[in-house]
Structures are given as C-alpha cells and as structure tokens.
Amino acid sequence: MNISENIEKIQEKMEAACRRSARDVSSVRLMAVTKTHTAEEIFPAYEFGLRCFGENRVMELKEKAPLLPSDVEWHLIGHLQHNKVKPAVRLAAWIHSVDSLDLLEKINREAEIAGTSPKLLLEVNISGEESKFGLRPDEVAAVLQASRGGCCKVVGLMTMAPLMASDDELHRVFAGLRNLRDSLQEATGMDLPELSMGMSGDFEVAIEEGATIVRVGSAIFGERHYA
Ligand SMILES: *Cc1c(COP(=O)(O)O)cnc(C)c1O
C-alpha cells in the first residue's frame, strides 16, 4: 500500500473534476478518513501533507488523536450519541453528523462548558433511504434557525449517497444537497459555504456538484478490516 501514490492519484482526479466543472482546485479539501486504521498506518498521510482527518467514532478518535501531531484537524463524521458529546466537542474541530435539534443543543451546551466551538454541518438524508441517519430535507430549516446564537456555528450540510448508486443517482443526490443549501441560504440569509459529500467511490461526481470537503478512506488506506 503506497499511501503517497494513492493520495497523488486522488488529487489528480480531484483536479480533473474541478477543471470539468470550472472550479478552483483550492475550493475542495481532501479529508483522510482514518477509521479502523492505527496511528502508525495513517501517519504517512500526515507526512504527505494532509491535515484534515476524519473519524466516525468518538472512542476511536479519543484513542488516536493523542498519537498524532497536534496540528491535525479532526473531523467527526459518524453518528454522534448524546453520551459522547462531551468528549466530541473537546476533540473534534468539525462535527459533520448533526442530525437532530436535540443533538445540536447538547453540542452547544457542552462546547460552551469546554470552551470550544467546533464547526457544525447538518447531516441530511437526501436519498431517503430508511437505513440512513440524517435530517429529512424539510426538517433542516428549523434546525438551522434554532442554531442562531449558539456558540457553535453551522457552516454547511453533509450527506452520504446510496452505496451502489448509478452515476445519475449520484448526481441527483449531490445536486439535491447543493440545491437545498442554496434555498436555505436564500430563505434564512445565513451563510452555508460547506458541502461535505463524496467518498472513495463517488468523490469526483460530488466535486462536479459542488462538494467543498470530500471524505476519502479506502482509496487512501486500502480496504478496512473490522475486528
Ligand atoms: C467511512 C466513511 C467514509 C469513507 O469511506 P470510503 O468509501 O472508505 O472512502 C466517508 N464518510 C463517512 C461518513 C464514513 O463513515
């Protein structure tokens, strides 16, 4: 597994997708999704120059974060249970998986106590799959309005596409998140610059549809092995 080569290949594909959609390459960030991999395994991605790392479980983040340099910016991307909010607001610079008003309020309370202010993204279930976490599109506006005045700022939206989706379906889901963001900005006057969408199999389509953060795991580190 040559991690540097993998990242270079991904960056080339990201650049090509930016060219196809007339976007500036600097408008899209590559997040290395490090779940299931040890600190040792992921260190080459740090050496390569990546600083944006994503974990989907708080306990794993808690174990791994102290083992990497302190300038890593940790993003929590997995479903967040209420009883894990306290460590989450201390460890994560960004939380991509805010999927209820209760959770948003809990994050704001705990962040205030901790003296932190992680950036928040509202997770939206665009595809409507029952198995997925995330707000329904019609629930997002109310959560966004309720976020005003909290100590943590909502800076955008996040979604996951269905696993075996066709290209058409991927375009529909990612454009759906972008269009929702556009109409929410219009309706609320709030600024929502960030769209977290796209993984190893679909980040190119996501960039064509406006992704600002792509979350890539297996294309960098190889297949995951769950113990
Ligand atoms: C694991 C995970 C990813 C990365 O998936 P890959 O297909 O390995 O790139 C992205 N986003 C979330 C929310 C994940 O849990």
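Coordinates for the structure precede this section.
Per chain, the residues get numbers from 1 upward, laid out in the order the sequence is written. Residue-level local features of this predicted model are given only where pLDDT is at least 70; pairs of side-chain atoms are given and counted only at 80 or more, and the full residue set underlies all totals for whole chains, interfaces and linings. The side-chain numbers reported here are obtained from all heavy atoms of the structure, hydrogens and water having been left aside.

So, about the pattern of salt bridges. We count a salt bridge whenever a side-chain nitrogen from Lys or Arg sits within 4 Å of a carboxyl oxygen from Asp or Glu. Scanning the entire structure with this criterion turns up 12 salt bridges. Among the salt bridges present, the one from E60 reaches K64, with a minimum N-O distance of 2.8 Å. Placement of the pair is E60 and K64 together in helix α3 (residues 58-64), with a separation of four residues, close to one helical turn. A residue is classified by how much of its surface remains accessible, and E60, at 13% relative accessible area, is buried. Among the charged side chains, a network of salt bridges with common partners joins E55, R57, E60 and K64. Only runs of H or I of at least four residues qualify as helices and only runs of E of at least two qualify as strands under DSSP, and these elements are numbered from the N terminus. Under the scheme applied here, a residue whose accessible area is under 20% of the maximum for its type counts as buried, over 50% as exposed, and between as partly exposed, the area being computed with a 1.4 Å probe on protein chains only.

All right, on to the nonpolar core then. To qualify as a nonpolar core, a set must consist of buried Ala, Val, Leu, Ile, Met, Phe, Trp, Tyr and Cys residues joined through side-chain atoms within 4.5 Å. Counting 64 residues, the largest nonpolar core has F53, L80, I107, L122, L157, V214 and I220 as its most contacted members. For this analysis, residues touch if any pair of their heavy atoms sits within 4.5 Å. When neighbours within four sequence positions are excluded, F53 is seen to be in contact with M31, A32, T34, I42, A45, Y46, L68, V72, E73, W74 and H75. In this structure, V33, W94, V155 and I213 belong to the second largest nonpolar core, which totals nine residues.

In this section: helix α2 (residues 39-48). For α2, every residue scored as buried is listed here: A39, I42, A45 and Y46. In a view along the axis of α2, the buried residues occupy a sector of 105 degrees, so they form one face of it. Across α2 from its buried face, at more than 90 degrees, point the exposed residues E40 and E47. Of the surrounding secondary structure, the elements contacted by the buried residues of α2 are α1 (3-20), β2 (52-55), α3, β3 (73-76) and α9 (218-221). Downstream of α2 by one or two residues, G49 has phi in the positive range, about 125 degrees. Directions from the helix axis toward the C-beta atoms define the arc.

Here the focus is the site of the ligand. Taken together, the neighbourhood of the ligand is formed by V33, K35, N56, I77, M160, M199, S200, R215, V216, G217, S218 and R224. At 2.6 Å, a side-chain N or O of K35 approaches an oxygen atom of the ligand. Within 3.5 Å is the distance limit for a polar contact, defined as a pair of N or O atoms, with the added protein rule that one can donate a hydrogen and the other accept it, and that residues adjacent in sequence qualify only through two side-chain atoms. A distance of 2.9 Å separates a nitrogen atom of the ligand from a polar side-chain atom of R215. For the ligand, the accessible surface in isolation is 390 Å², of which the surrounding protein chains cover 91%. One heavy atom within 4 Å of a molecule or strand makes the whole residue count as near it. Accessibility throughout is a Shrake-Rupley quantity obtained with a 1.4 Å probe, and a residue counts as covered only by protein chains that appear here.

One can find T116 in the loop between α5 (101-114) and β5 (119-123). Along the backbone, T116 and C151 are 35 residues apart, and their C-alpha atoms lie at a distance of 8.4 Å. In this structure T116 touches V89, A111 and C151, once residues within four positions along its chain are discounted. Separated by 2.9 Å, the side chain of T116 and the backbone oxygen of V89 make a polar contact.

Any functional reading would require information that these geometric values do not contain.
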